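Summary of the model geometry
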Amino acid sequence: MIAQIAKDILAAFIGLAGGIAVGSGMVAFLVVLDIIPRLAQITHSFKSIHAYEAAVVTGSLVFTWVDFGDGKLNLYPMSTALVGLFAGCFVGMLAAALTEIINVLPILAKRVGMGSYMILLLMAMIFGKVVGSLFEWLLY
């Protein structure tokens, strides 16, 4: 009984830490790279900037809620290709944006006084990713 409670608390802590990490990355992606203002600049639609912001927030909330659900979509095989295309575009653009966002780490390290520990910060991120991935693949 106590072991199960400890596992549940550990799972909740890991889930919360993962959520904070992903949320921080999303905010950094949006704020540091100025995604929404760039989108408005490229499309010449500065009047719609509040609509873009509302779309990002609404999309985040709705798809988080959908992710917690157990819903299923019965799609035709060819329609999944369209979903795969959009998912691939998203991942590709996110990967391209993350190559720019890596410049955030030195700035963050200097602001919090960890400039001399930059290598340790990067190693902690790398080992955390490896351990987290192994934990998920081997235990779940």
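Residues numbered from 1 in each chain as written. Predicted model: local features only at pLDDT ≥ 70, side-chain atom pairs only at ≥ 80, totals over all residues. Heavy atoms only, no water.

1. With respect to the overall build of the protein chain
What the protein chain contains, in helices and strands, is six helices and zero strands. Beginning at the N terminus, the succession of helices and strands in the protein chain can be written as α-α-α-α-α-α. Over its C-alpha trace the protein chain gives a radius of gyration of 19 Å, far above what one expects of a compact globule, namely 14 Å for 140 residues. Each of the three principal axes of the protein chain carries a C-alpha extent, and together these read 55 × 50 × 25 Å. Counting only residues that meet the buried cut, the protein chain has 9% of its 140 residues in that class. Long-range pairs, those at least 24 residues apart, make up 37% of the contacts in the protein chain with a sequence separation of at least 6. (Helix = DSSP H or I, 4+ residues; strand = E, 2+ residues; numbered from the N terminus. Rg over C-alpha atoms; globule rule 2.2 N^0.38 Å. Buried < 20%, exposed > 50% of the residue type's maximum accessible area, 1.4 Å probe, protein only. Contact = heavy atoms within 4.5 Å.)

2. Section: a nonpolar patch on the surface
A grouping of Ile 119, Met 123, Ile 126, Phe 127, Val 130, Leu 134, Trp 137, Leu 138, Leu 139 and Tyr 140 is seen on the molecular surface, where their side chains present a nonpolar patch of about 1200 Å² in accessible area. For Ile 119, the location among the structural elements is in helix H6 (residues 118–139). (Patch = residues over 30% accessible without salt bridge, like charges linked within 9 Å, V, L, I, M, F, W, Y side chains within 5 Å. Areas by Shrake-Rupley, 256 points an atom, 1.4 Å probe, with all protein chains shown as cover. Salt bridge = Lys/Arg side-chain N within 4 Å of Asp/Glu carboxyl O.)

3. Quick notes on helix H1 (residues 2–32)
Compared with the 45 Å implied by 1.5 Å per residue over 31 residues, the 44 Å span of H1 between its first and last C-alpha is a close match. One or two steps after H1, the chain reaches Asp 34, where phi turns positive at roughly 50°. (Expected span 1.5 Å × (residues − 1).)

4. Re the side chain of Ser 45
Inspection of the secondary structure assignment puts Ser 45 in the loop between helix H2 (35–43) and helix H3 (49–68). Apart from the residues within four sequence positions on either side, Ser 45 is in contact with Ala 40 and Tyr 52.

5. Comments concerning the packing of H2 against H3
Any two packed helices are characterised by the angle at which their axes cross and by the distance between the axes. Relative orientation of the contacting elements H2 and H3 amounts to 135°, with a least axis distance of 10 Å. By the angle class used here, H2 and H3 are oblique. Crossing handedness for the pair H2 and H3: right-handed. Contacts from Ile 36, Pro 37, Leu 39, Ala 40 and Thr 43 of H2 reach H3 at Ile 49, Tyr 52, Glu 53 and Val 56. Partitioning the contact of H2 with H3 into residue classes produces seven nonpolar, one polar and one charged. (Axes fitted to C-alpha atoms, helices over the stretch in contact; angles between N-to-C directions. Parallel < 35°, antiparallel > 145°, perpendicular 65-115°, else oblique. Left-handed = near helix turned anticlockwise from the far one by under 90°. Nonpolar A, V, L, I, M, F, W, Y, C, P; charged D, E, K, R; others polar.)

6. What to know about the side chain of Ser 133
Of note, Ser 133 is situated in helix H6. In terms of polar contacts, Ser 133 uses its side chain to reach the backbone carbonyl oxygen of Lys 129, at 2.9 Å. (Polar contact = N/O pair within 3.5 Å; in protein donor to acceptor, adjacent residues only side chain to side chain.)

7. Structural notes on the environment of Thr 80
Structurally, Thr 80 is set in helix H4 (residues 77–101). Given the relative accessible area of 41%, Thr 80 is considered partly exposed. Sequence-wise, Thr 80 and Asp 67 are 13 residues apart; in three dimensions their C-alpha atoms are separated by 18 Å.

8. Some remarks on the confidence of the model for the protein chain
Scored by pLDDT, the protein chain comes out at a mean of 80, with 91% of its residues at no less than 70. Of all secondary-structure elements in the protein chain, the lowest mean pLDDT belongs to helix H5 (residues 104–111), at 73, while H3 reaches the highest, 85. (pLDDT = per-residue confidence, 0-100.)

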